[in-house]
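Chains, contacts and geometry: an overview
Take a look at the letters that make up each chain.
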There are 2 protein chains.
Amino acid sequence: MRWRFIANMVGILIFFLGISMIFPLICGLYFRDSSVMPIMTSMAAAVGSGGLIYFSSRCKDSTQISHREGMAIVTISWISIGLYGALPFYLGEVFPSFTDAFFESVSGFTTTGASVIINIEIVPKGFLFWRSFIQWLGGMGIIVLSVAILPFLGVGGMQLYKAEVPSPVPDKLKPRVRETAKMLWKVYVLISLMEVVLLLFGGMSLFDSLCHTFTTMPTGGFSTKNTSIAHFDSVYFDTVIIFFMLLAGINFSLHFQLLKGKSLAFWQDSECRFFLGTVLFLTLIVSMNTYGNFYKTLGEAFRYGAFQVVSIITTTGYATADYEKWPAMSQIILLFCMFIGASAGSTGGGMKCIRIMLCFKYCYKELFSLIHPRAVTHVKISGKVVPEDVMRSILGFLALYMGLFVVSSVILAGMGVDLLTSFTAVASAIGNIGPGFGMVGPAENYAAIPASGKWLLAWCMLLGRLEIYTVIILIVPEFWRK
Amino acid sequence: MRWRFIANMVGILIFFLGISMIFPLICGLYFRDSSVMPIMTSMAAAVGSGGLIYFSSRCKDSTQISHREGMAIVTISWISIGLYGALPFYLGEVFPSFTDAFFESVSGFTTTGASVIINIEIVPKGFLFWRSFIQWLGGMGIIVLSVAILPFLGVGGMQLYKAEVPSPVPDKLKPRVRETAKMLWKVYVLISLMEVVLLLFGGMSLFDSLCHTFTTMPTGGFSTKNTSIAHFDSVYFDTVIIFFMLLAGINFSLHFQLLKGKSLAFWQDSECRFFLGTVLFLTLIVSMNTYGNFYKTLGEAFRYGAFQVVSIITTTGYATADYEKWPAMSQIILLFCMFIGASAGSTGGGMKCIRIMLCFKYCYKELFSLIHPRAVTHVKISGKVVPEDVMRSILGFLALYMGLFVVSSVILAGMGVDLLTSFTAVASAIGNIGPGFGMVGPAENYAAIPASGKWLLAWCMLLGRLEIYTVIILIVPEFWRK
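Quantities reported herein were computed from a predicted structural model and do not represent experimental measurements.

About the thresholds
- Residues numbered from 1 in each chain as written.
- Chains lettered and ligands numbered in written order.
- Predicted model: local features only at pLDDT ≥ 70, side-chain atom pairs only at ≥ 80, totals over all residues.
- Heavy atoms only, no water.
- Disulfide = S-S within 2.5 Å.
- Buried < 20%, exposed > 50% of the residue type's maximum accessible area, 1.4 Å probe, protein only.
- Phe/Tyr/Trp six-rings, centres within 6.5 Å; stacked < 30°, edge-to-face > 60°.
- 1 Å grid on protein atoms, 1.4 Å probe; cavity = no way out; pocket = protein on both sides within 12 Å on 5 of 7 lines; lining within 4 Å.
- Points joined across faces, edges and corners; volume = space filled by probe spheres on them.
- Helix = DSSP H or I, 4+ residues; strand = E, 2+ residues; numbered from the N terminus.
- Nonpolar A, V, L, I, M, F, W, Y, C, P; charged D, E, K, R; others polar.
- Contact = heavy atoms within 4.5 Å.
- Buried area = accessible area lost by both parts, 1.4 Å probe.
- Salt bridge = Lys/Arg side-chain N within 4 Å of Asp/Glu carboxyl O.
- Polar contact = N/O pair within 3.5 Å; in protein donor to acceptor, adjacent residues only side chain to side chain.
- Least-squares fit on C-alpha atoms with pLDDT ≥ 70 in both.
- Expected span 1.5 Å × (residues − 1).
- Patch = residues over 30% accessible without salt bridge, like charges linked within 9 Å, V, L, I, M, F, W, Y side chains within 5 Å.
- Areas by Shrake-Rupley, 256 points an atom, 1.4 Å probe, with all protein chains shown as cover.
- Lys, Arg positive; Asp, Glu negative; His and termini not counted.
- Charge placed at Lys NZ, Arg CZ, Asp CG, Glu CD.
- Domains from an automatic or database assignment.

Topic: the state of the cysteines
Two cysteines joined by a covalent bond between their sulfur atoms form a disulfide. For the structure shown, the criterion picks out zero disulfides over all chains. Cys359 of chain A carries a free sulfur, and the closest cysteine sulfur to it, the one in Cys363 of chain A, is 4.8 Å from it. On the basis of relative accessible area, Cys359 of chain A is assigned to the buried category, the value being 11%. Free cysteine Cys353 of chain B: the closest other cysteine sulfur is in Cys272 of chain B, separated by 9.2 Å.

Describing the packing of aromatic side chains
Each pair of aromatic rings is reported with the distance of its centres and the angle of its planes. Residues and elements named next belong to chain B. As enumerated under the stated definition, the model contains 74 aromatic pairs over all chains in all. Ring centres of Tyr54 and Phe55 lie 5.1 Å apart, and the angle between their planes is 75°; on these two criteria the pair is classed as edge-to-face. Taking relative accessible area as the criterion, Tyr54 reaches 23% and is therefore assigned partly exposed. You can call Phe55 exposed: its relative accessible area is 53%.

Overview of empty space enclosed by the protein
Tallying each qualifying case throughout the model produces four cavities of 30 Å³ or more. In this structure, the largest cavity spans a volume of roughly 60 Å³. Looking at the lining of the largest cavity, the elements that each hand over two or more residues are helix H16 (388-414) of chain A together with helix H16 (388-414) of chain B. Counted by class, the lining of the largest cavity contains six nonpolar, no polar and four charged residues.

Here we look at the interface of chain B and chain A
Listed by partner, the interface residues are 51 residues for chain B and 51 residues for chain A. Regarding the contact of chain B and chain A, the summed buried area is about 4,300 Å², with carbon and sulfur atoms giving 81% of it. In terms of surface lost to chain A, no three residues of chain B exceed Leu370, Ile371 and Leu419 of chain B, which account for 16% of the buried area on that side. The interface formed by chain B and chain A includes two salt bridges. In this assembly, chain B and chain A are joined by eight residue pairs in polar contact (both at pLDDT 80 or more). Looking at the side of chain B that touches chain A, the elements with two or more residues in it are helix H4 (67-91), helix H14 (328-340), helix H15 (353-371), H16, helix H17 (419-430), helix H19 (469-472) and helix H20 (477-480) of chain B.

With respect to the relation of the copies chain B and chain A
Structural alignment of chain B on chain A gives an RMSD of 0.0 Å, achieved by rotating through 180° and translating 0.0 Å along the axis. What the superposition gives is, in effect, a two-fold axis relating one chain to the other. Scanning chain B for the C-alpha nearest the rotation axis identifies Leu395 of chain B, at a separation of 3.5 Å. In this assembly, 100% of the residues forming the interface of chain B have copies in chain A that are likewise at the interface, indicating an isologous arrangement.

Some remarks on the environment of Gly139 of chain A
Residue and element names in this part refer to chain A. Tracing the backbone through its elements, the reader meets Gly139 in helix H6 (residues 125-153). You can call Gly139 buried: its relative accessible area is 0%. C-alpha of Gly139 to C-alpha of Ser346: the two residues are 207 residues apart in sequence and 8.8 Å apart in space.

A look at H17 of chain B
For H17 of chain B, built from 12 residues, the straight-helix expectation of 16 Å at 1.5 Å per residue is met to within 8% by its first-to-last C-alpha distance of 17 Å. Of all 12 residues in H17 of chain B, 11 are buried, a share of seventy percent or more. Of all the positions in H17 of chain B, only Leu419, Thr421, Ser422, Phe423, Thr424, Ala425, Val426, Ala427, Ser428, Ala429 and Ile430 of chain B are classed as buried. Contact partners of the buried residues in H17 of chain B: helix H14 (328-340) and helix H17 (419-430) of chain A together with H14, H16 and helix H18 (451-465) of chain B. The N-cap of H17 of chain B, judged by a side-chain oxygen 3.3 Å from the amide nitrogen of Leu420 of chain B a few residues on, is Asp418 of chain B.

What about a positive patch on the surface?
All names here are of chain A. A surface patch of positive charge is lined by Arg178, Lys182, Lys186 and Lys260. Mapped onto the elements, Lys260 comes out in the loop between helix H10 (252-259) and helix H11 (265-268). Given the relative accessible area of 65%, Lys260 is considered exposed.

So, the domain arrangement of chain A
All names here are of chain A. Split into domains, chain A comes out as domain 1 (3-223) and domain 2 (382-480). Of note, the centres of domain 1 and domain 2, computed from C-alpha atoms alone, are 21 Å apart. On the domain 2 side, the residues contacting the 34 residues of domain 1 number 32 residues. Of the roughly 2,800 Å² buried where domain 1 meets domain 2, counting both sides, 75% is carbon and sulfur surface. The interface formed by domain 1 and domain 2 holds one salt bridge in total. The salt bridge involving Asp100 is made with Lys454; its shortest N-O contact spans 2.8 Å. Those elements giving two or more residues to the side of domain 1 that touches domain 2 turn out to be helix H4 (67-91), helix H5 (98-109) and H6. Residue contributions to the side of domain 1 that touches domain 2 peak at seven residues, all from H4. Among the residues forming the side of domain 1 that touches domain 2, the class breakdown is 18 nonpolar, 14 polar and two charged.

Encoded structure:
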């Protein structure tokens, strides 16, 4: 493990994080609020210390990155930016403790959207801008991670995407990351711009349009309003946001293909079909279930049903309705949506559609081989055989996901949190969603969770966001052996 | 598929089920209660129709059973005995509907122990005896199923036990089943006798001793008292029952080995170590968690904690405490115990310790292979490599288990049952436990579940009891193709 090299990579990242604070600073200056000084101080700290780490650890040998170094860089980077991202909140005394500031920051960078702010609307706008902006940056990180880095590290079946990455450079990690990142970021920025324009067109202020775009595209879910999207109470905004949440939940390689003129890209991708099909199916069930029981018209049931299903399954976490008041069936469906998650290669979290889909196919294959014990069968996707080792990674990932969910919710309950809240807060954190049920329902926030619980949940968010293996591997003794 | 042959097997089973009704009949006659006539009628119906089916479908060619026939026989048998077992309750008007009678009967034969009787103590003793006795018979069925039949059908990784079955006859299914069954039944009867003696010794009536033994050994959990084992409020009975629930949760092959003089049998078996270790670990956590929060002395906390952990993890379902009033952490632990379950080859249900254990090892192996991408690694148990296909069956089983849990709880919630009840009733049914949380908590029963929900739960019980694959395969179209 070349620590010097790792420090170098993390240093430059912190440096650029500091540079990016220019945007909330401009926002703070424009609104002349109390966020200016804390942001300037944080910026100086990040640029200074990041630059110092970078220059003091420069080294020549950096063309090849080993598996182990790759994982260490990913995890350490996310923790570091979580710490630095918390600085403005902490220095600006937005929260009573560093724990809260760190929780909010990690919740931002992991694009979770779980908040500890009780009254969002009184927070100075510079901080709110930063809070939304870190989600957007987090989303950029995720795109590179899932499309360009994880496939090469072979984490959780992501090697499946090795061949699919649209890249002009052959199989070398570093140049490939750079080129792929650039291409997908262009797509990300382009779609974000479209959303800002459409929100402005509907009459949302520039500040709110930007902040909500910054939290839709990374499927983040922070809002500048206490009641989230329900605040605007507009069919137009609901529709626009549903549309962009869905886009954000689809593999960004497909958007790239679509922009390149491959008009059937979505349809030809089996994961995308599965994802959109699931969304449609669950929306219909939820709408039918809430119609009559909760909403008086089918239109209303469909509007709120579609919004919540899309918001939860894409792991965004916006709310237009307090789904805890819905009938039990709709609640359970939303709860399971937390586990399903969006597509791989999107900014969404959860287990990911591709894994769920392959797991289904795998179960069917097992049934088939019980009926025909001598037949040799394979799991296929889009006509291609899924290699055994990929299938194993996927099943291992799902088992690890469930195992961590179990252990973490037991620990959270041990901190004095009730049963339903423990379950759903952990599910929401690992899946990077935001709201849960009980104390952390869509109309509540995470302020009442004990401090130790907040650290646990921040850890869960990191685990989920970095596809578990990347983080958990650092606590396996074998990893540190020479 | 030789339907004639299948009918023949099922016919003889129904015939013997009818014969076995002699025991509750004797009980009814002794207590001179109103159960005599209904039981006699049911007995005549079972013996008559079973005999008729058997004799009318006799065929010569019955030495070899195919995989598909094996699975059809298992599932159809369990459904048939469920139907015939319900007759005494239905004819005796113990329940207002056949749905309830069938639910209670399936809950008995699958050794679940979920009851729809509101006031157990006013039910005529003949019926109560039958209710407990069918659990004991169900337990006998499970032993044969899991130790002698499923390993040969290759269901859910049970092929792992192919070599371990103590049998004097080589690899032919039919004689092997017979011999193995005989040996293990002797063990089952012997341990049951020990329990009856110990309960009598503590001052329990013969009737209650028999009924509770009949429901401890198959990890069933029906009681003759409204408040279950809490009724007796005795440290002695609690201890005896904990001991026998643990024995019932251990692979019966190990009991056989122990009786043959292999004194370290339990210790040498890694699943048994895992099972007992888990029980001890969770008991300690629950005791520490309830001590001070709920119980005043550590002794009390340990007594009730141990009882509930053992009762739930072995999937028995007896209660000495209303665990819904315990702190959240203990509740969540019990909830997860419902999924873990007991050992394979025992009468317990759930996912089974061996599968959980191998799943852990598998995850670790995956982490290891990420650190050393070129190393070839295998999952081992007791020093032996677990074949890839067995590992695949196990992971497929776990995925199918979770998938069915998800789908079934959504459907149950759709029938108007609340969130927590839907979740835990389904988990309890698939795991063959008995009580859950909410409407079906340890101090409640299943009477208030809508009729459609009772059918769904009965189906879940069958699924769980017959290791899912055996039942679900019958609804795969491929199964019926020539």
